[in-house]
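Summary of the model geometry
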Amino acid sequence: MIRKFKLFVLLSLLVSLNLNAQEVSIPGQIIDAGTGRGLAYVDVLLHASDGSNGVLSTLTDNEGQFTFSRLKPGSYQLKVNLLGYYPQEKNIQVVQGANPSIRVELVAAMIPLGEVQVSTLRYDKLERAVSMPVVVVPREYFPRQSSMTLSDILSREPGIALARDGGWATSVNIRGMGENRLVSMVDGARIETATDLNAALSMYDINEIDRIEVIKGAASSIYGTGALGGVINILTKKGQYYDKPTIHGQASGTFEGVNSLIGTHVGLESGAKSWKLRLSGGYRTANDYKTPEGVMENSGFTDRNLNATLGIKPVKNQELELNAQHYQAFDVGIPGGAPFGPKAKATYKEVTRQLISGKYTFRKLLPGLEDLSIRGYHQYIDRDVEMIPNTPPSTVGNTRMTALQVLPRGTHNTTGAVLDTRWKTGKNHLLVAGVDLWQRKMVTTREKYIRQEILDPFQTVTQTNEIVRGEKPNPDSRFGSAGLFLQQESKFFNEKLELTYGARVDRIQVVNDEQLDPISMIINGNPKEPVPNQRVIFHADTASAWSWSANLSALWHLMPSMDLTFNTGRSFRSPSLEERFKYIDLGSKVRLGDPLLKPEKGVFGDLGFRIWKDRFQFQANGFVHYLDDMIVEVPGEFIYYLATGPDAGLTDTLPALVNANVEQALLTGFEASVNAQLFRDLVIFGQTSFVRGYNLTSSSDLPLIPPFTSGLGLRYQLPGIFSLEWVTTFVAAQNRIGEGETASEHYYLSDFAIYSAPRELGITSFQLFAGVDNVFNTSYQNHLATNRGMIRVEPGRNIFVRLVMRF
């Protein structure tokens, strides 16, 4: 028996040694064909021709070198993708014994190739393979622009326009729809905050963003309520896994002349096969920005941020990712906030955004189940505003009232959980299904500081009272959504036709507390109990409703480099908490929400044509968007009763502008972009976009519709030395305006940028970026900013410089 056991052990050892002897390694290097330098942190994929080992992946090191280990002899295909370079594929033969090093030379691409990954569809797909109209702006583009805010970057894309309330407070308009009809997210977590001022997209450091993905058009069947006009998904940097322990980082410094902005940012990444870690932070400070007509008072800001991401692969095919973000802005001037008077000085004393999120992913958990992920998040946003009215006193009888200061504040807590699954239901069929749960809780307060002066018949002050009136602009309220979504992708006719169709059902629940006005009253430091003359604005209530949405998309490959796309869908937007419970007392008139508002509904259609060639890229889309039950303000009455005071129980009315579902609208338009490489180192590029908004109910033009825009530019590259760009943009006059708007005139803008190739110095590399925005210091009005608030002229010439160091 012992002899047999020894023989068994010996045979097992020999088999093991034989198997190990059959496993070999292949080294390689990825280099830039123009400069000959190794390219660091490039994704390299390898899979056996017979599909026996799945897909192996690795990253190159600082010198561009990589190694695949423990391979069995056979035929393999090597794929290399790096943004800004033409992808490469190589067939290699792995043999027993030593294998020669693989050398892959990547040729720089001067035009977009559509090779960027898009994940906003709830699964990864190349941009050129997505049927929906999307925009992807990768991190490589950010340093080439002044990039004061995220909105400034997005506004350079066709169909996306900038709306501005100051140097810091900005947002975007997509195909004629503002931020209240868009869903904005960071790493899949919804950004839910008030939309009375443009700020939702300002609470981010550009240096922290890996890429921005934008869906232009209805996307409620993917993300539910709010995605009536599109989706903006901000994807932050997460670090990477490496074959061996690695640590590297990046530091940058920025200066912008238009507002003397100084910014710094440092990021540090480390990782190995089973873990990754990224730590980063940034700081910026800016003065009031200059315009061709002088300084825009009260437009400066200061902000800072800290971020941390940890990824762990505890076992094969499983990953845990944890993320924490902290952002703060201080003394942010708001020169153009529409809710404030023309002489008011409004400032965000502090804006805070905090995000904590976690995601656990299972891969190949069951046969046919490609991926299953569970994600949870909590995002806290606090906006603390100070407003100095600077209005003259008002006198009624023998009483003179002067508004001294108003302190609005709003906190918004959004908590969500998402279950995503991806199923391979056939060779050419993919099913994405899941559950999306989230809730927003809003708490608002407002303190008004008022001086009351009692006058005698000769207008002499006989008594002065300092009053602090406590109010709630909205009742404490919660908005909850529970959605079930399904998306099926199928390919037909040898994968020439791709169809994506899906639907989503949402259960919306809104809960609000009773709202009284005022909630407190302090006169000369003495609180008044009970609070005199309280009005009941909104009664405590709970409302629930079902909503549904659906979509159908098609991508037809007319030729290997030519596609035709079609998209249609039904979308919805449930009224926000502000629209339901708005209460703004203007004295003689009230602006009021309605808790019983119905969802806005939309039917969307888009037809597109694309050409993707190595030296030529063209995209064009035409769209139509019909909206029903649009929410607008209409004349009405505010009916209330007094809860305290001598007239308690009595009912009274005031004239009011009340939110109501009364209108139908039609948005139509087109957009196009082109990139053509005329010579080896010269590219001409351009874009154009147009949207028309028409109110079908009143037979009038819709407000806040961006004007026709067209741009043309040149990009020249001297390989290994520098690249430069010149862009001139024409913005037409906007004479098709809504009620109360002001027409805007046409203008031209020219921007210039130059940036060096990375220069290595020891273990570090440096890259310099510089440019001039608004080269000719043109004085112009942004139609959306002009009619959104009180900004009458945009920033003037801006000279910027940015130095990036990688180590």
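What this report covers is the structure whose coordinates are included nearby. This one's a predicted model, so the numbers in the text were calculated from it and none came from an experiment. (Residues numbered from 1 in each chain as written. Predicted model: local features only at pLDDT ≥ 70, side-chain atom pairs only at ≥ 80, totals over all residues. Heavy atoms only, no water.)

Details of the overall build of the protein
When helices and strands are counted, the protein shows 5 helices and 50 strands. Relative to the compact-globule value of 28 Å for 807 residues, the protein shows a C-alpha radius of gyration of 30 Å, a close match. The contacts of the protein with a sequence gap of at least 6 include a subset with a gap of at least 24, amounting to 67%. Looking at the protein as shown, the accessible area adds up to about 35,800 Å², and 59% of this sits on carbon and sulfur atoms. Averaging the locations of the 81 positively and 82 negatively charged side chains of the protein gives two centres separated by 7 Å. (Helix = DSSP H or I, 4+ residues; strand = E, 2+ residues; numbered from the N terminus. Rg over C-alpha atoms; globule rule 2.2 N^0.38 Å. Contact = heavy atoms within 4.5 Å. Areas by Shrake-Rupley, 256 points an atom, 1.4 Å probe, with all protein chains shown as cover. Lys, Arg positive; Asp, Glu negative; His and termini not counted. Charge placed at Lys NZ, Arg CZ, Asp CG, Glu CD.)

Thoughts on the nonpolar core
Burial of nonpolar side chains together is a common tendency in soluble globular proteins. Counting residues in each nonpolar core, the largest one holds 72 residues, and the members touching the most others are Leu 154, Trp 168, Ile 212, Ile 232 and Phe 638. With near-sequence residues (within four places) excluded, Leu 154 lies in contact with Val 137, Ile 160, Val 172, Ile 212, Val 214 and Ile 232. Listed in part, the 20 residues of the second largest apolar core include Leu 39, Leu 71, Val 94 and Ile 102. (Core = buried A, V, L, I, M, F, W, Y, C linked by side-chain atoms within 4.5 Å. Buried < 20%, exposed > 50% of the residue type's maximum accessible area, 1.4 Å probe, protein only.)

Comments concerning the pattern of salt bridges
Under the defined criterion, the tally for this structure stands at 50 salt bridges. Between Glu 498 and Lys 125 there is a salt bridge, with its nearest N and O atoms 3.1 Å apart. Remark: Lys 125 occurs in strand E9 (residues 125–126) and Glu 498 occurs in strand E31 (residues 497–512); sequence separation between them is 373 residues. On the basis of relative accessibility, which here comes to 7%, the residue Glu 498 falls in the buried class. Take Lys 125: its relative accessible area is 12%, and that puts it in the buried class. (Salt bridge = Lys/Arg side-chain N within 4 Å of Asp/Glu carboxyl O.)

So, the pairing of strand E5 (residues 74–81)
In this sheet, E5 lies alongside strand E2 (residues 43–48) in antiparallel orientation, the contact comprising 6 bridges. Within the sheet, the bridge partner assigned to Leu 46 lies in E5 and is Leu 78. Pairing of E5 with strand E6 (residues 88–94), which is carried by 7 bridges, proceeds in the antiparallel orientation. Bridge assignment links Gln 77 to a residue of E6, and that residue is Asn 91. Hairpin connection, E5 to E6: the antiparallel pair is bridged by 6 residues, and Gly 84 has positive phi, about 95°. (Pairing = 2+ DSSP bridges.)

In short, geometric facts, not functional conclusions.
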